[in-house]
Amino acid sequence: MKKIVVLISGSGSNLEAIVNNCNSNNINGEVIKVISNDPSAYGLKRASDLGIPSKIIDHKKYNNRDDFENSLEKYLDQLNPDLIVLAGFMRILGSKITNKYLKKMINLHPSLLPKYPGLNTHEKALSNSDKIHGISIHFVSSELDAGPLIAQGIIDLKKNDKLDEVINRIHTIEHQLLPKIISEICKGNIYLNQSNEINYLNINLKNQKILKIKYEL
Ligand code: GRF
């Protein structure tokens, strides 16, 4: 059973989806700890309700980014996780920690990267009248939202889509695709090789370079 650590900053709905999939044995892993940089994150309440231990490492209590990251790194080292999942974790991590955990750290981002790194991705997709939108899951490098891409979930945008409808649809596909990818990583079916390229085993990519799934919602 793989040891998974989930980093959050907010609501934690993806955390809940991951834990539920571990509990129903869809993922051969266990969330051993939730770490939040925000003491008021609702995800901490979800963790407690789900019986998952949590730890607050509040970035505001550190003088600078390096001190915060050193503390986070030290704590992660102690936990010795097989996989670290950034699920709505709203801090950018520097190269020391991301290099150390490159093969073990994944991020969920709500856009079809390389489109729209950073914030307000749904607003941007809507205001540009994009026809499709979606989510990306990637290994984490020190560049913002730019590590090796593992998978994308895609939805159509409809003409008069409202922001909250889009957010709901995006959440729905996040809660399906993120646990699926975590499950494949835990099985050893997705990994970064020595040249830092993604390898897929037993996964039908349908002639695509990365796993892309279209959702009809
Ligand atoms: C998700 O939409 C994720 O893509 C983005 O932040 C949101 C987190 O949601 N980075 P939750 O905290 O998992 O509910």
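In this text the structure is predicted, and so the values were computed from the model without any measurement.

With respect to the packing of aromatic side chains
- Scanning the model with the defined rule gives 1 aromatic pair in all.
- Taking the ring centre of Tyr-75 as reference, the NZ or CZ of Lys-55 above it sits at 5.0 Å.

Things to note about the sheet that holds strand 4 (residues 83-86)
- One open sheet accounts for 8 strands, arranged 3-2-1-4-5-6-7-10; its pairing is mixed. The outermost strands of the open sheet, each flanked by one partner alone, are strand 3 (54-56) and strand 10 (211-214). Adjacent strand axes in the sheet meet at a mean angle of 20° when their direction is disregarded.
- Here 7 bridges tie strand 6 (residues 132-139) to strand 7 (residues 149-156), and the two strands are oriented antiparallel to one another. Paired with Ile-137 across the bridge in strand 7 is Ala-151.
- Across the sheet, helix 3 (residues 65-79) lies against strand 1 (2-8), strand 2 (29-36), strand 3, strand 4 and strand 5 (105-109), angled at about 160° from strand 2, the strand it touches most.
- Against the sheet, helix 6 (residues 163-187) engages strand 1, strand 4, strand 5, strand 6, strand 7 and strand 10, with an angle of about 150° to strand 7.

Regarding the environment of Asp-77
- Within the fold, Asp-77 resides in helix 3.
- Considering only alpha carbons, one finds Asp-77 and Tyr-101, 24 residues apart in sequence, at a separation of 9.8 Å.
- Beyond its immediate chain neighbours, meaning those up to four positions away, Asp-77 contacts Lys-100 and Tyr-101.

Thresholds, definitions, all that
- All residue numbers refer to positions counted from 1 along the written sequence of the respective chain.
- At least 70 in pLDDT is required for a residue's local features to be given in this predicted model, at least 80 for side-chain atom pairs to be given and counted, and no such filter applies to totals for whole chains, interfaces and linings, which use all residues.
- Hydrogens and waters are ignored; side-chain quantities use all the structure's heavy atoms.
- Here the aromatic set is Phe, Tyr and Trp, taking the six-membered ring for Trp, and pairing holds for ring centres within 6.5 Å; pairs whose planes are under 30 degrees apart are stacked, those over 60 apart are edge-to-face, and all others are tilted.
- Placement of a charge over a ring requires the Lys NZ or Arg CZ to be within 6 Å of the ring centre, with the centre-to-atom vector within 35 degrees of the ring normal.
- One requirement defines pairing of two strands: DSSP has to find at least two bridges between them.
- Strands here are runs of E lasting at least two residues and helices are runs of H or I lasting at least four, both read from the DSSP assignment and numbered beginning at the N terminus.
- Axes here mean lines fitted to C-alpha atoms, for a helix over just the part in contact, with angles spanning 0 to 180 degrees between N-to-C directions.
- Note on contacts: a residue pair qualifies if any of its non-hydrogen atoms lie within 4.5 Å across the two residues.

By themselves, these figures tell us nothing about what the structure is for.
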